[in-house]
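# Examination of the molecular architecture
Each chain, written out:
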Amino acid sequence: DAGVIQSPRHEVTEMGQEVTLRCKPISGHNSLFWYRQTMMRGLELLIYFNNNVPIDDSGMPEDRFSAKMPNASFSTLKIQPSEPRDSAVYFCASSLEAGGTWGTEAFFGQGTRLTVV
Amino acid sequence: GNSVTQMEGPVTLSEEAFLTINCTYTATGYPSLFWYVQYPGEGLQLLLKATKADDKGSNKGFEATYRKETTSFHLEKGSVQVSDSAVYFCALSDFTGGGNKLTFGTGTQLKVEL
């Protein structure tokens, strides 16, 4: 398997523009996570999907952020409008959760480095 | 809620030195515990895990033991190499609140010098 695939790897955009980050989870995985990593805050969970349904979006910082998972093999994280403080590395991760399974490993993509100028 | 606290970095060691990175946690349920490693420019990779009290996770010479009495999961390695230079994250997951979400510590940067 190719692992979790994110695109683009790097994105530079101007303040106010819309940004869309994409993620393809590992085939067969039923949980998907979006994380943001910054020097100041470390790794923050933004949103968590299970079976394509958003379970917890309490980490989404503002209404400017939205995430979708239209099917089991694709998810997007959109920022509209973008601001310089959104500059960070955004990671997507996926895992396979089965009922009563403990210690499920999450597999991470290589991340998208977003710079908003 | 759940939280993970790990020692501040950066940690700088000489090659072949002994490594300990401390990690303690707070959880409302019965968590599983993980150590992830992040090499420069890459995503996180699972290093080792433990799913219940007194379990020891091990991989690539690294070890960590799930200590419920002290709510700790300290990472150790007897002899580090330059190639171990990376950022190490302690994490936990449990099903409390719905779903198997990972909560991460802030990360500890390790630098190993010759």
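Moving on, we come to the interface of chain A and chain B. Many analyses report the size of an interface as the accessible area lost when the parts associate. On the chain B side, the residues contacting the 20 residues of chain A number 20 residues. Between chain A and chain B lies a buried interface of about 1800 Å² when both sides are counted; carbon and sulfur atoms form 58% of it. Where chain A packs against chain B, one counts zero salt bridges. Viewed at the interface, chain B and chain A are joined by four residue pairs in polar contact (both at pLDDT 80 or more). Elements that contribute at least two residues to the side of chain A that touches chain B include exactly strand 4 (31-38), strand 5 (42-50) and strand 6 (53-56) of chain A.

All names here are of chain A. For the structure on display, the rule yields two disulfides over all chains. Across the disulfide from C23 sits C92; the S-S distance is 1.9 Å. Taking the sign of the S-S torsion, about -70° here, the bridge from C23 to C92 comes out left-handed. Taken together, the residues span a long stretch of sequence, with C23 in strand 3 (residues 19-24) and C92 in strand 9 (residues 88-95) at a distance of 69 residues. Judged on exposure class, the residue C23 and its partner C92 are both buried.

About the criteria used
- Residues numbered from 1 in each chain as written.
- Chains lettered and ligands numbered in written order.
- Predicted model: local features only at pLDDT ≥ 70, side-chain atom pairs only at ≥ 80, totals over all residues.
- Heavy atoms only, no water.
- Contact = heavy atoms within 4.5 Å.
- Buried area = accessible area lost by both parts, 1.4 Å probe.
- Salt bridge = Lys/Arg side-chain N within 4 Å of Asp/Glu carboxyl O.
- Polar contact = N/O pair within 3.5 Å; in protein donor to acceptor, adjacent residues only side chain to side chain.
- Helix = DSSP H or I, 4+ residues; strand = E, 2+ residues; numbered from the N terminus.
- Disulfide = S-S within 2.5 Å.
- Buried < 20%, exposed > 50% of the residue type's maximum accessible area, 1.4 Å probe, protein only.

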